[in-house]
Amino acid sequence: MSTQSTDRPDEQPEQRPAVELADVCHSFGDLDVLGDVSFSVSPGTVACVVGPNGSGKTTLLRIVADLLEPDAGAISVAGDGGRRVGYLAQQPAFRRQFTVAETVAFYGSLVAERVDVDAILDRVGLSAVAGRRVDALSGGMVRLLGLAQAMVGDPSVLVLDEPANGLDPTMARHLRAVIDDLTADGDAVLLSTHDLHTVDRLADTVLLVDHGELVAAGPPDELLAEADAASLDEAIATLGHGGETAAVSPGLHGGDRP
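Notes on the structure in this doc start here.

The rules behind the values
Residues numbered from 1 in each chain as written. Predicted model: local features only at pLDDT ≥ 70, side-chain atom pairs only at ≥ 80, totals over all residues. Heavy atoms only, no water. Pairing = 2+ DSSP bridges. Helix = DSSP H or I, 4+ residues; strand = E, 2+ residues; numbered from the N terminus. Axes fitted to C-alpha atoms, helices over the stretch in contact; angles between N-to-C directions. Contact = heavy atoms within 4.5 Å. Buried < 20%, exposed > 50% of the residue type's maximum accessible area, 1.4 Å probe, protein only. Expected span 1.5 Å × (residues − 1). Phe/Tyr/Trp six-rings, centres within 6.5 Å; stacked < 30°, edge-to-face > 60°. Lys NZ or Arg CZ within 6 Å of the ring centre and 35° of its normal. Parallel < 35°, antiparallel > 145°, perpendicular 65-115°, else oblique. Nonpolar A, V, L, I, M, F, W, Y, C, P; charged D, E, K, R; others polar. Arc of directions from axis to C-beta.

### Topic: the sheet that holds strand 9 (residues 213-218)
- The strand order 5-6-7-3-8-9 describes an open sheet built from six strands, whose pairing is mixed. Whereas interior strands pair on both sides, the edge strands pair on one side only; in this sheet they are strand 5 (85-88) and strand 9. Within the sheet, the average angular offset between the axes of one strand and its neighbour, ignoring direction, is 15°.
- Its contacts with the sheet place helix 1 (residues 57-64) against strand 3 (46-50), strand 5, strand 6 (157-161), strand 7 (188-192) and strand 8 (205-210), and it is angled at close to 155° to strand 6.
- Running over the sheet, helix 4 (residues 139-151) touches strand 5 and strand 6 and is turned about 165° from strand 5.

What follows is the structure in structure tokens.
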């Protein structure tokens, strides 16, 4: 028997999440780090992972970036069509004797597509130091070089671990502008940060991780309302395990890998 669609002509099919986790768990030996973490990130949006040190944020990002296998649960990234994910580590490291341009070109040689090194460096604000060696860069410039490396291959999902760490205010503003450009192109960005200004400025969704649990998730305004808080800092303190309305999601307790 045939069926007829009831969709109206102007309706669009539901957009598939760029990142989707379901009941993800991970441990290091006897140390439980993540328990039953579930969330999704839509294309063209920014999800900011926040929480205290040792809460499991970096482990979560490394799982999304396919650098760690979860012990349990399901994960889908970029539709799993080749796992096109760019990753910026919390402490990026590059060959010290390479120039900035040589570094990006090296990573470009690892992907099938032609990489426009000049365009990437211009996008992250490093064109003026393209010929400078890595060992002569400031810490903030190294982090921007890490962002350039993460953008090689035009990934549809970028996973950034503390991208604003070590950036001066001008560099931080430029980073936020780059992320705006990426999401305007339809890319999804999942980042961890302790910088609540970055969260206020960029986050479509806030993911609060505490003791390995996802204890709150939603747009910043929803977290403020849920916590009856006047500021995001206050909301995070209230909704976390140390707060009066601490959390709710089932899961394991633990901390990041030492």
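Back to the text.
### What to know about the pairing of strand 3
- Counting buried residues along strand 3, five of its five residues qualify, which places the element largely inside the surrounding structure.
- Neither face of strand 3 is exposed, since Val46, Cys48 and Val50 on one face and Ala47 and Val49 on the opposite face are all buried.
- Sheet topology note: the strand 3/strand 7 ladder contains four bridges and is parallel. Within the sheet, the bridge partner assigned to valine 46 lies in strand 7 and is valine 189.
- As judged from the four bridges shared by strand 3 and strand 8, these two strands associate in the parallel manner. By the bridge assignment, valine 49 is partnered in strand 8 with leucine 207.

### Re the sheet that holds strand 1 (residues 19-28)
- Strand order across the open sheet formed by three strands is 2-1-4, with antiparallel pairing between neighbours. In this open sheet, the two edge strands, each paired with only one partner strand, are strand 2 (31-41) and strand 4 (72-77). Neighbour to neighbour, the strand axes of the sheet diverge by 25° on average, direction disregarded.
- Strand direction decides the pairing type here: strand 1 and strand 4, joined by five bridges, are antiparallel. Bridge pairing in strand 4 places cysteine 25 opposite alanine 72.

### Overview of helix 4
- The terminal C-alpha atoms of helix 4 lie 19 Å apart, and with 13 residues this matches the ideal 18 Å at 1.5 Å per residue to within 8%.
- With 11 of its 13 residues buried, helix 4 lies for the most part within the structure.
- For helix 4, every residue scored as buried is listed here: Gly140, Met141, Val142, Arg143, Leu144, Leu145, Gly146, Leu147, Ala148, Ala150 and Met151.
- Downstream of helix 4 by a residue or two, glycine 153 has a phi angle that is positive, lying close to 90°.

### Describing the packing of aromatic side chains
- The tally for this structure, following the rule as stated, stands at three aromatic pairs.
- Consider the rings of phenylalanine 98 and phenylalanine 106, whose centres lie 6.3 Å apart with planes at 75°: the pair is edge-to-face.
- Phenylalanine 106 sits in the partly exposed class, given a relative accessible area of 31%.
- Aromatic side chains phenylalanine 106 and tyrosine 107 sit 5.2 Å apart centroid to centroid with 75° between the ring planes, which places their arrangement in the edge-to-face category.
- The structure contains a cluster of three or more aromatic residues connected by ring pairs, namely Phe94, Phe98, Phe106 and Tyr107.
- Lying over the aromatic face of phenylalanine 106, arginine 95 brings its terminal NZ or CZ to 5.0 Å of the ring centre.

### Quick word on the packing of helix 4 against helix 5 (residues 169-184)
- It is the contact of helix 4 with helix 5, at a shortest axis distance of 11 Å, that shows an interaxial angle of 10°. On the basis of their axis angle, the class for helix 4 and helix 5 is roughly parallel. Of helix 5, the residues touching helix 4 (which contributes Gly140, Met141, Leu144, Leu147 and Met151) are Met171, Leu175, Val178 and Leu182.
- By residue class, the composition of the contact of helix 4 with helix 5 is eight nonpolar, one polar and no charged.

### Describing helix 7 (residues 220-227)
- Restricting attention to buried positions, one finds in helix 7 the residues Pro220, Leu223 and Ala227. Considered in projection along helix 7, the buried side chains sweep an arc of 60° and stay on one side of the axis. Across from the buried face of helix 7, at angles greater than 90 degrees, the exposed residues are Asp221 and Ala225.
- Buried residues along helix 7 sit in contact with strand 8, strand 9 and helix 8 (232-239).

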